[in-house]
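Each chain, written out:
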Amino acid sequence: MSEQERVKESAAENHLLCLKCNAAMEQQKTSFTYLGFNFEASLPRCPVCGQVYISEDIVKGKIKEVETLLEDK
């Protein structure tokens, strides 16, 4: 991904709308559970229905890294 595409994606993430509620998503602390371990991260979340947006970069980066570490234990 080029730097220009990254900047566009970042700008778009700051103005995300929930597809279900059409409400502006807000950065909120979100809890995750995987293989019995709990994690918290600040992610865009719908204040109405609680739907969470996780960007492809986070899925392919941090989340994949944590999954690999936990599955190797």
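Here we summarise the structure given alongside this text. As the structure is a computational prediction, the values presented were derived from the model and not from experiment.

What counts, and at which threshold
Residues numbered from 1 in each chain as written. Predicted model: local features only at pLDDT ≥ 70, side-chain atom pairs only at ≥ 80, totals over all residues. Heavy atoms only, no water. Helix = DSSP H or I, 4+ residues; strand = E, 2+ residues; numbered from the N terminus. Buried < 20%, exposed > 50% of the residue type's maximum accessible area, 1.4 Å probe, protein only. Pairing = 2+ DSSP bridges. Expected span 1.5 Å × (residues − 1). Bend = angle between axes of the 7 residues up to and from the residue. Salt bridge = Lys/Arg side-chain N within 4 Å of Asp/Glu carboxyl O. Polar contact = N/O pair within 3.5 Å; in protein donor to acceptor, adjacent residues only side chain to side chain. Contact = heavy atoms within 4.5 Å. Core = buried A, V, L, I, M, F, W, Y, C linked by side-chain atoms within 4.5 Å.

Here we come to unusual backbone geometry. For residues besides glycine, phi is generally negative; the peptide bonds are generally trans as well. Unlike most non-glycine residues, Asn 22 shows phi in positive territory, near 60°. The residue Asn 22 is located in the loop between α1 (3–13) and β1 (26–34) in this model. Residue Asn 22 is classed as exposed on the basis of its relative accessible area of 57%. Unlike most non-glycine residues, Leu 35 shows phi in positive territory, near 50°. Structurally, the position occupied by Leu 35 is in the loop between β1 and β2 (37–45).

This part is about the pairing of β2. Taken together, the nine bridges between β1 and β2 define a ladder with antiparallel strand orientation. Following the sheet pairing, Phe 32 is matched in β2 by Phe 39.

Our next topic: helix α2 (residues 56–72). If you check α2, its first and last C-alpha atoms are 23 Å apart, about what 17 residues at 1.5 Å a residue would give, namely 24 Å. The largest bend in α2 amounts to roughly 35° and is located at Lys 64.

On to the pattern of salt bridges, then. A side chain with one charge may pair with a side chain of the opposite charge, provided their charged atoms come close. In the structure shown here, the tally under the stated rule is two salt bridges. The partner of Glu 56 in a salt bridge is Lys 60, with the nearest N and O atoms 2.5 Å apart. In this pair, Glu 56 and Lys 60 both sit in helix α2, four residues apart, roughly one turn of the helix.

Among the structural elements, Thr 30 can be located in strand β1. Residue classification places Thr 30 among the buried residues on the basis of a relative accessible area of 4%. A polar contact is formed between the side chain of Thr 30 and the backbone oxygen of Gln 28, at a distance of 3.2 Å. Discounting residues that sit within four places of it in the chain, Thr 30 has contacts with Phe 39, Glu 40, Ala 41, Leu 43, Arg 45 and Val 52.

Now for the nonpolar core. Counting residues in hydrophobic clusters, the biggest one holds five residues: Leu 16, Cys 18, Ala 23, Met 25 and Cys 46. In this structure Met 25 touches Leu 16, Leu 17, Cys 18, Pro 44, Arg 45, Cys 46, Pro 47, Gln 51, Val 52 and Tyr 53, once residues within four positions along its chain are discounted.

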